[in-house]
Structure formats: C-alpha cells, structure tokens
Amino acid sequence: MKKEFAVIGLGRFGGSIVEELNELDANVLAIDRDPERVKDFQDIATESVIADTTEESVLKDLGLRNFDHVIVAIGDNIQSSILTTLLLKDIGVKSVTVKAQSTYHARVLDKIGADYVVHPERDMGRRIAHKMMSSSVLDYIELSNEYSVVEYLAGKKLAGRSILELNIRAVYGISIIAIKRGKDILISPDPNLEIERDDILIAIGEDSDLTAFEKKMMD
C-alpha cells in the first residue's frame, strides 16, 4: 500500500518535494492558497487543492489526520506556518515536517510539537561553504546542530595509510563509517584497510572534530 503524503506550500522547496515524491511513486496531496501554484502541480501530484490551512475545518475536511506524513513548506508567512503546524498536531497528524525560516521560528515549531524541523537555506549555505573551503569535501549533511556526515575525497595525505595508522577515532574523535571505492561501498571498513587515492571517505562526528580533521588531513 502506497504511503500518503500531503505538502502544504508549493514554492520551490515544497514543489521540489512534491516532484520527488511523485518520482518515488507515492500518493501526494499538494496544497496551496495560490490557484496558479496549485494549477502547476495538477499533473504532478496525485491531487492538488486550493486551501487555507490555517482553518481547522479545512484540515479536517481534507482528511489530513489520516495521512502518513504532512510537510509544511509555507515559505512566506511564519504565522501561517506556525498555526498550520499547531492545528495539524491538534487534529492528530502522526508525523509533521516543517520548513523553518529562522532559528526563532524553529524554536517555536519545536515547542508546538513539530516532529521534524528543517532549515533548507541554512543547511545549503553550510554545504556550499564547506565545499568552497576544500575541494576534498564532496558533500556535507547536517544531522543536528552539532553532528554531521561529510564525504571526503582522499588525497595524498591519506593515500597509502590505514584508518588504524592514522588513529582517526582517537586523534580526531570522528568515525569513518564507509568508504566508496569505485563502484564498491565498504561499510564499517576494516581499520587495517589501506586508503587509496580518490577513495571517498564517509565520516560522522561533531562539527568541530570534522573541521579539525578537514584542516589537517585534506589536501
């Protein structure tokens, strides 16, 4: 049975989620106040409707309580985002993800019961900054305010040395959870495995520790 998703707010962020869920063959209800935006997604979403989600009766009429996951992607009105989130939790929606506009917005969303809060602009800014600082950083994924996963391209400082020899865990406090080597992915790699140039190391740890490793070991 397909999972049921609803996306409220069809700007760039919400729209991209609708498109991706459609590609993944999920059932998606696309919702926005703007008739033109709703029209744009008529052929993409399973169903698209014009609605004001700050009205509890509207949320109930749409049957959102029965959806597996509701994404609040309202980007231009923080008050509407907060009120919509509060009403969704009040009517019993099991899982609500909300786009935050700022740190203060995120704090309010946490307090009113949002299950997941995302910061797309901030997170993208951090990813771009890390990539610009080092050509060895291929990707940067924030897990929380303190922890991240980073993909590093192994250069000459790492090539020919093992994880054990580098003593990465003890020296830097980070863990290499996988190594991509060509088409192969080595999960929980053997500490004695010799790193080859152009291996992709997938590391997890505190941001400060990852930054220290990046400064010291990346070419």
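In the block above lies the structure referred to throughout.
These numbers come from a predicted model, not from an experiment. (Residues numbered from 1 in each chain as written. Predicted model: local features only at pLDDT ≥ 70, side-chain atom pairs only at ≥ 80, totals over all residues. Heavy atoms only, no water.)

Attention now moves to the sheet that holds strand E11 (residues 200-206). Strand order in the open sheet formed by 5 strands is E7-E8-E11-E9-E10, and the pairing between neighbours is antiparallel. Strands with a single pairing partner mark the edges of an open sheet, and in this sheet they are strand E7 (137-142) and strand E10 (184-187). Taking the axes of each pair of neighbouring strands and ignoring which way they run, one obtains an average angle of 20 degrees across the sheet. By the bridge criterion, 5 bridges tie strand E9 (residues 175-181) to E11 in an arrangement that is antiparallel. Looking at E11, one finds that Ser175 is bridged to Ile204. (Pairing = 2+ DSSP bridges. Helix = DSSP H or I, 4+ residues; strand = E, 2+ residues; numbered from the N terminus. Axes fitted to C-alpha atoms, helices over the stretch in contact; angles between N-to-C directions.)

For the rest of this paragraph, the subject is the nonpolar core. Across soluble globular proteins, nonpolar side chains have a tendency to be buried as a group. One finds Ile31, Leu64 and Leu88 to be the most contacted residues of the largest nonpolar core, which totals 22 residues. Among all residues touching Ile31, those that are not within four sequence positions of it are Ala6, Val7, Ile8, Gly9, Leu10, Val49, Ala51, Thr53, Leu62 and Leu64. (Core = buried A, V, L, I, M, F, W, Y, C linked by side-chain atoms within 4.5 Å. Buried < 20%, exposed > 50% of the residue type's maximum accessible area, 1.4 Å probe, protein only. Contact = heavy atoms within 4.5 Å.)

This part covers the packing of helix H4 (residues 78-90) against helix H5 (residues 103-111). H5 packs onto H4 with a crossing angle of 15 degrees between their chain directions and a minimal axis gap of 10 Å. The angle between H4 and H5 places the two elements in the roughly parallel class. Two packed elements cross with a definite hand, and for H4 against H5 that hand is right-handed. Together, Ile78, Ser81, Ile82 and Thr85 of H4 and His105, Val108 and Leu109 of H5 make up the contact between the two elements. The residue makeup of the contact of H4 with H5, split by class, is 4 nonpolar, 3 polar and no charged. (Parallel < 35°, antiparallel > 145°, perpendicular 65-115°, else oblique. Left-handed = near helix turned anticlockwise from the far one by under 90°. Nonpolar A, V, L, I, M, F, W, Y, C, P; charged D, E, K, R; others polar.)

On to the pattern of salt bridges. Considering all chains together, one arrives at 8 salt bridges under this definition. Residue Arg161 is joined to Glu165 by a salt bridge in which the shortest nitrogen-to-oxygen separation is 3.4 Å. Taken together, the shared-partner salt bridges in this structure form one network comprising Arg181, Glu196 and Asp199. (Salt bridge = Lys/Arg side-chain N within 4 Å of Asp/Glu carboxyl O.)

With that settled, consider the side chain of Lys99. Considering the arrangement of structural elements, one finds Lys99 in strand E5 (residues 96-99). Every residue in contact with Lys99, bar those within four places of it in the chain, is listed here: Phe13, Val72, Ala73, Gly75, Ser81, His105, Leu109, Val118, Pro120 and Glu121.

We now examine a nonpolar patch on the surface. The grouping of Ile141, Leu143 and Tyr147 at the surface amounts to a nonpolar patch, some 280 Å² of accessible area in total. With respect to the secondary-structure elements, Ile141 resides in strand E7. (Patch = residues over 30% accessible without salt bridge, like charges linked within 9 Å, V, L, I, M, F, W, Y side chains within 5 Å. Areas by Shrake-Rupley, 256 points an atom, 1.4 Å probe, with all protein chains shown as cover.)

Moving on, we get to a positive patch on the surface. The grouping of Lys156, Lys157, Arg197 and Lys216 at the surface amounts to a positive patch. Its location among the elements puts Lys157 in the loop between strand E8 (147-153) and helix H7 (163-166). Lys157 gets classed as partly exposed once you look at its relative accessible area, which sits at 36%. (Lys, Arg positive; Asp, Glu negative; His and termini not counted. Charge placed at Lys NZ, Arg CZ, Asp CG, Glu CD.)

Another aspect to go through is H5. All of the buried residues along H5 are His105, Ala106 and Leu109. Within H5, the buried residues cover an arc of 100 degrees as seen down the axis, which keeps them to one side. Relative to its buried face, H5 has exposed residues pointing more than 90 degrees away, namely Tyr104 and Lys111. Tucked inside the fold, the buried residues of H5 contact H4, E5 and strand E6 (116-118). Directly after H5, the chain includes Gly113, whose backbone phi takes a positive value near 105 degrees. (Arc of directions from axis to C-beta.)

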